[in-house]
Each structure stands twice: as C-alpha cells, then as structure tokens.
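Observations on the model geometry
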Amino acid sequence: MVLALLKRKGNGVKRCVLFAFIIVLLIFKAGDIGRKIYPFPYRETITQHAVANNIDPNLLAALIKTESSFDPHANSPAGARGLLQIMPDTGRWIAEQMGQSDFKPDQLYNPETSIRMGAWYLANLKDEFKGNQTLMLAAYNAGRGNVKQWLENQHWTGESKNIDQIPFPETRYYIRKVMLNYKIYSYLYDGNKL
C-alpha cells in the first residue's frame, strides 16, 4: 500500500527505491544510531559494581543517563554531584555504611566513586523495598522517607501501574524516564525486546 502511494506521485520507482533503502538502512543501523544517542561510557565499571551489588547494569546505566547524561561533573541546583547525582550528606552516609572513613564530597565527581556508591545505594534501596524497581526509583529520586510516608498514608500503592498516585510530579516523570531508558539500554546492549 505504501509503495503504491509512492508510485502515484511521479518518479515512483525512484521514490520506492529511496524509501526501501532508508528502511533497510534504519533496520541495519538502528543499533548504531541508538548507541550514539544512548552511549554506555564507563560500561566496565558500571557492570562491575552493578553485578557486585546484584543490580542490572542496564538499570544502573539508565539511572546515570537520567541523572547526569554521563557527565561526571554534573551538579544539581540542590547540590547533588557526579554521575549518579548523590547529595553530599547521602554520600557521607553511604561511605560510613561501606566502611569508608575518609570521604570528601568532591569524591562524588570521580566516576569510579560515584558508580560504586550509587550501585551500593541502589542495592540498599532494593533490599529495603524488596526488589520493587518502582519503589527503588521513587526512593532514589524523592527519598526513602517520602516513599515510606506515601505508602503508609495510602497516597500510593507502590505499584508501577499507579505511578500517577505519587504526590510529586517530578518523581512520576523521573520513574517513567528511568524505566524508558532502562528498556532502551536493555534493547541496545543486550538485545532485549522493547
């Protein structure tokens, strides 16, 4: 049907060939194009720390893409730093939990440190919220105290199908964005279907 419409518009054969060429190019180059838009820098480090913390590396990459677009020098207006946009106070707490006594907030700009601490923190949230990715991501963005309060006060069921119940619009958007990025990273780097 598409080919018939293209042929009616003059120079039909040329248009059909061009259209077919573009489709074939997209099919065979979609992964290459996607990897340019969704790069995976620090892949070895991300995979190492994700696996060590029982986290899917694609989820950690999606979180980094959402938080900082892989900019190790990223700063938020609230003061979060580095690839995983960890707040200095949260960084201090994570460092204490990990047995690191010499933590300095500027270490969060170091990709290795940010990834190691972010993977640990995400695993900590995973344990607390019994593997529920939606709750983990909500807590990463809005804080675990807010998420617990939403659940206790029945503002939100904690289910991904009820994200619209979350009182913070930013958190609703954030969860959707990370999950979309997660699907894209899984597709581009592991061949999982979208």
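Residues numbered from 1 in each chain as written. Predicted model: local features only at pLDDT ≥ 70, side-chain atom pairs only at ≥ 80, totals over all residues. Heavy atoms only, no water.

1. What about the packing of helix α4 (residues 57–68) against helix α6 (residues 111–128)?
Put simply, α4 and α6 touch, their axes get as near as 11 Å, and they point 115° apart. Looking at the two axes, α4 sits roughly perpendicular to α6. The two elements α4 and α6 cross, and the hand of that crossing is right-handed. Contacts from L59, L60, L63 and I64 of α4 reach α6 at I115, A119 and L122. For the contact of α4 with α6, a count of residues per class yields seven nonpolar, no polar and no charged. (Axes fitted to C-alpha atoms, helices over the stretch in contact; angles between N-to-C directions. Helix = DSSP H or I, 4+ residues; strand = E, 2+ residues; numbered from the N terminus. Parallel < 35°, antiparallel > 145°, perpendicular 65-115°, else oblique. Left-handed = near helix turned anticlockwise from the far one by under 90°. Contact = heavy atoms within 4.5 Å. Nonpolar A, V, L, I, M, F, W, Y, C, P; charged D, E, K, R; others polar.)

2. Observations regarding the environment of D56
Along the chain, the position of D56 falls in the loop between α3 (43–52) and α4. D56 gets classed as partly exposed once you look at its relative accessible area, which sits at 27%. Taking C-alpha positions, D56 is 9.5 Å from I46, a pair spaced ten residues apart along the chain. Non-local contacts of D56, meaning those with residues more than four positions away in its chain, are made with A50 and Y182. Within the structure, D56 has its side chain in polar contact with the side chain of Y182 (distance 2.6 Å). (Buried < 20%, exposed > 50% of the residue type's maximum accessible area, 1.4 Å probe, protein only. Polar contact = N/O pair within 3.5 Å; in protein donor to acceptor, adjacent residues only side chain to side chain.)

3. A few points about the pattern of salt bridges
Throughout the structure, instances matching the rule amount to seven salt bridges. As a salt-bridge pair, R176 and D164 come within 2.6 Å of each other at their nearest N and O atoms. One end of the pair, R176, is in helix α9 (residues 169–190); the other, D164, is in the loop between α8 (144–152) and α9, and twelve residues separate them in sequence. By relative accessible area, which is 40% here, R176 ends up partly exposed. (Salt bridge = Lys/Arg side-chain N within 4 Å of Asp/Glu carboxyl O.)

4. Overview of the confidence of the model for the protein
Within the protein, residue pLDDT values average 89, and 84% of them lie at 70 or more. Low confidence marks residues 1–10, where pLDDT is under 50. Its contacts with residues over four positions away, or in another chain, come to eleven contacts. (pLDDT = per-residue confidence, 0-100.)

5. With respect to the side chain of Q85
Structurally, Q85 is set in the loop between α4 and α5 (88–97). From its side chain, Q85 meets the backbone oxygen of G82 in a polar contact 2.8 Å long. Excluding anything up to four places from it in sequence, Q85 contacts E67, A74, N75, S76 and A80.

6. Description of the environment of E128
Turning to its location among the elements, E128 is positioned in helix α6. Along the primary structure E128 and R144 are separated by 16 residues, whereas in three dimensions their C-alpha atoms are 9.1 Å apart. In contact with E128, other than residues within four places in its own chain, are R144 and K148. In terms of polar contacts, E128 uses its side chain to reach the side chain of K148, at 2.8 Å.

7. A look at α4
Taking 1.5 Å of rise per residue, twelve residues should cover 16 Å, and α4 covers 16 Å from first to last C-alpha, within 8% of that figure. Most of α4 is tucked away, with twelve of its twelve residues classed as buried. Taken as a whole, α4 has its buried residues at P57, N58, L59, L60, A61, A62, L63, I64, K65, T66, E67 and S68. The N-capping residue of α4, defined by a side-chain oxygen 2.8 Å from the backbone nitrogen of N58, is D56. (Expected span 1.5 Å × (residues − 1).)

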